[in-house]
Amino acid sequence: MNVIETKELTKVYGDLVAVDNISFEVRKGEIFALLGPNGAGKTTTVEMLEMIRKPTSGEIYLFGDKPNEKIKERIGVLPQEFQSFERLTVRETLLYFSSLYKNSVDVDELIELIDLNEKRDELYKNLSSGLKQRVGVAIALVNDPDLVFLDEPTTGLDPSARRNLWEVIKNLKRQGKTIFLTTHYMEEAEYLADRVAIMNKGKIIDIGEPNELIEKHGGKPKVKIWGINELEGYEYKKMKGGIEIVIENEKEISSIISSLDAKKIKFERIEIERANLEDVFIKLTGRRLADESNN
Amino acid sequence: MRAIIKDFELSIKNWYRNKAAVFWTVAFPVLLILIFGAIFSGGEQKILLGIQDLDNSFASKAFIENISKIEIVDVKIIKADEDIKEFVKEHGAALQIPKGFQDALINKEEINLTLYLDPSKETTNSAVRTFVANVLNELNIRLNNGRNYIRCKEESVVSKEYEYIDFFIPGVIGMTIMTSAIYGSVEINLKYRKRGILKKLLTTPLKRSYWIFAKMLYFLFLAFLSTFIIVGVGKLVFDAKITLNLFSLLTIISASFAFTGIGMLIARFVNEEESADSAASAIIFPMMFLAGTFFPLEMMPSYLQIFAKILPLYYVNEGLRNAMIFRDFHKSLLNLAIISIFAIIVFIMGTIITKWEED
């Protein structure tokens, strides 16, 4: 079953087409990532799905229905750059937000689940940015939603806080929740997402599993061997200090190594290079994912 | 309903944990009254007593001369053809020596002097009363061996006059409600928008009208708090002749709602933080000075007086003064009606015209 479905979704501001005729679906129980640089239209898209903005045209279906007030009980949202009330404690914050819903989870259990127990009575403003984001995720879960939207949840976090939050998000999937994630970090999409939609300039360029996309657009893996000039029996390309062999699959690596061994060829170093989503993005758009201006 | 109570609770917590906000809500109006009150209340050390001599005799003149020699009293002679009550309204206390004073003394007959007092000036009245009683007592001892021939009856002159502090306190209440509700609701909106809280709330089932209502309750709480502090300080420090009655409380409720509504509208139409602040100030300051907060409207040129009458704060000030000082409940009800209608209009505009949803 599809939890989200959009058809020809479009949002226009004056002359700017922020979201340009996009159609996709998100399946129940998956982590779906919308990957793209800043300004690609990710937030506009997610905010239309969250019922914060109205589409200019096109259709949205959430749990098979058009957006309506009742659906708000079933979704949980972490808006981009969200900062909660400065002078409420973690527990008070969660109690406040849970009071807004008909059904809500036990706040103390939620604190336990998101691993905020030690900070439950700490004022929000005194938390580190990593913990603040974790509280933000917890707020998005107070109503035990079936669908969770996380808009750039790890932007501005240090690497360890980012990894920490990734584990929290993986955990949500284990609980059977569907997660819609926007990010401009390709590692994040690659690590977390079951499926990725690559977005650029308001359009979705391609959708698929990360591996699928890499295989499709990133080209084949390459074996790079330094310290030799040639290798018989293989199609190779010379590069500075060594050669480069394009392989079909990872099994070929062992045959290359045994061939080097058999011929007693001495080499300095061997490396396998696989494409990643960043390469896919460059291939598809000619731009880098992380703009210098973003970070 | 649960959401409204929770939201109210949240605002209060956020407020009392913010030391600066508490200081300004509580201390600013108090400072204002203390400063203005001190400036405008001239310290009266001596007892001011008017004396009207209707006997115009040797004995009455001697009596007045003797009283004038006493240092703690400042005697003003009221001419026989002047209205003694007018003097009392203005200055507080006057003693009238009746015709036949000298004859009564000579014949050892009973005679009544009349002490006119303004009951609203009770603190000085007791001093005047004691003073006059002592003077007459001494006279009785000397002339009549202590027999009480010369007596004094008291008459009240109710003064419609009020002192500056009485005029000022309702003005400070109106002004405080206005500034805290307008600035406060603009600030909450901008802060919530900047922090993504408004967006977050949009994705929850919370209705916008409930949210606005919860904020109105919060600013009403602050309004009552400031009012009680202002009235308390006014009464304790300046002995202000004001009362908090049903009409003044109703006026405060609708004023607080109306100004919160104005703040919500400003915040909706002005997005930038600084421009919203300036827009709020542009509405607050002219209103503060032109709506009769610090001085009576009659002191202003007539075109400004006409202008003042389109300002909501004018009706708040008028309503509060009519209720708190003059106890003119007809006028106060009229002002209350105007503010209430205004509050309802802004609330409806606030919930219908403005929207949380973004473009």
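The structure we're discussing is the one just above.
Throughout what follows, the structure given in this document is the object of discussion. Note that the coordinates shown come from a computational prediction; the quantities given were computed from them, not determined experimentally.

Reading the values: rules and limits
- Residues numbered from 1 in each chain as written.
- Chains lettered and ligands numbered in written order.
- Predicted model: local features only at pLDDT ≥ 70, side-chain atom pairs only at ≥ 80, totals over all residues.
- Heavy atoms only, no water.
- Helix = DSSP H or I, 4+ residues; strand = E, 2+ residues; numbered from the N terminus.
- Buried < 20%, exposed > 50% of the residue type's maximum accessible area, 1.4 Å probe, protein only.
- Areas by Shrake-Rupley, 256 points an atom, 1.4 Å probe, with all protein chains shown as cover.
- Axes fitted to C-alpha atoms, helices over the stretch in contact; angles between N-to-C directions.
- Parallel < 35°, antiparallel > 145°, perpendicular 65-115°, else oblique.
- Left-handed = near helix turned anticlockwise from the far one by under 90°.
- Contact = heavy atoms within 4.5 Å.
- Nonpolar A, V, L, I, M, F, W, Y, C, P; charged D, E, K, R; others polar.
- Polar contact = N/O pair within 3.5 Å; in protein donor to acceptor, adjacent residues only side chain to side chain.
- Expected span 1.5 Å × (residues − 1).
- Buried area = accessible area lost by both parts, 1.4 Å probe.
- Salt bridge = Lys/Arg side-chain N within 4 Å of Asp/Glu carboxyl O.

### Some remarks on the overall build of chain A
No. 1: The helix and strand inventory of chain A stands at nine helices and 13 strands.
No. 2: Taking the principal axes of its C-alpha atoms as reference, chain A extends roughly 75 × 45 × 35 Å.
No. 3: Across the 295 residues that make up chain A, the buried fraction comes to 51%.
No. 4: By element, 44% of the accessible surface of chain A is carried by carbon and sulfur atoms, the whole surface being about 14,100 Å².

### Considerations on the packing of helix H1 (residues 2-16) of chain B against helix H9 (residues 208-238) of chain B
All names here are of chain B.
No. 1: Running from N to C, H1 and H9 cross one another at 45°; their axes reach a closest spacing of 8 Å. For the element pair H1 / H9, the angle class is oblique. Pair H1 / H9 crosses with right-handed handedness. Taken together, the residues of H9 that come into contact with H1 (itself represented by Ile 4, Asp 7, Phe 8, Leu 10, Ser 11, Ile 12 and Trp 15) are Tyr 210, Trp 211, Phe 213, Ala 214, Lys 215, Leu 217, Tyr 218, Phe 221, Leu 222 and Leu 225.
No. 2: Looking at the contact of H1 with H9 residue by residue, the classes come out as 14 nonpolar, one polar and two charged.

### Focus on the environment of Tyr116(B)
Residue and element names in this part refer to chain B.
No. 1: Position of Tyr 116 among the secondary structure elements: in strand E4 (residues 111-117).
No. 2: Between the alpha carbons of Tyr 116 and Thr 260 there is a distance of 48 Å; along the sequence they are 144 residues apart.
No. 3: In contact with Tyr 116, other than residues within four places in its own chain, are Ile 84, Lys 85, Val 88, Gly 92, Ala 93, Ala 94, Gln 96, Glu 155 and Val 157.
No. 4: A polar atom in the side chain of Tyr 116 sits 3.4 Å from the side chain of Gln 96.

### Topic: helix H13 (residues 312-324) of chain B
Residue and element names in this part refer to chain B.
No. 1: Its 13 residues place the ends of H13 18 Å apart at the C-alpha level, agreeing with the 18 Å of an ideal helix rising 1.5 Å per residue.
No. 2: With twelve of 13 residues buried, H13 is to be regarded as a mostly interior element.
No. 3: Of the residues making up H13, those classed as buried are Pro 312, Leu 313, Tyr 314, Tyr 315, Val 316, Asn 317, Gly 319, Leu 320, Arg 321, Asn 322, Ala 323 and Met 324.

### Regarding the environment of Lys220(A)
Residues and elements named next belong to chain A.
No. 1: Considering the arrangement of structural elements, one finds Lys 220 in the loop between helix H7 (210-217) and strand E10 (222-226).
No. 2: For Lys 220, a relative accessible area of 43% puts it in the partly exposed group.
No. 3: Separated by 217 residues in the primary sequence, Lys 220 and Val 3 place their C-alpha atoms 34 Å from one another.
No. 4: Setting aside its immediate chain neighbours within four residues, Lys 220 contacts Val 246, Ile 247 and Glu 248.
No. 5: A distance of 2.9 Å separates polar atoms of two side chains, one belonging to Lys 220 and the other to Glu 248.

### Regarding the interface of chain A and chain B
Where interface size is quoted, it is often the accessible area lost as the parts come together.
No. 1: Contacts between the two partners involve 34 residues from chain A, matched on the other side by 25 residues from chain B.
No. 2: Between chain A and chain B lies a buried interface of about 2,900 Å² when both sides are counted; carbon and sulfur atoms form 54% of it.
No. 3: Broken down residue by residue, the surface that chain A buries against chain B is led by Ile52(A), Arg87(A) and Tyr96(A), which jointly contribute 23%.
No. 4: Where chain A packs against chain B, one counts four salt bridges.
No. 5: Residues Arg17(B) and Glu92(A) are paired through a salt bridge, measuring 2.7 Å at the closest nitrogen-oxygen approach.
No. 6: Applying the counting rule to chain A against chain B returns 14 residue pairs in polar contact (both at pLDDT 80 or more).
No. 7: Of all the elements in the fold, those that place two or more residues in the side of chain A that touches chain B are strand E1 (2-13), strand E5 (75-78) and helix H2 (90-98) of chain A.
No. 8: If you tally residues by element for the side of chain A that touches chain B, the top one is H2(A), at five residues.

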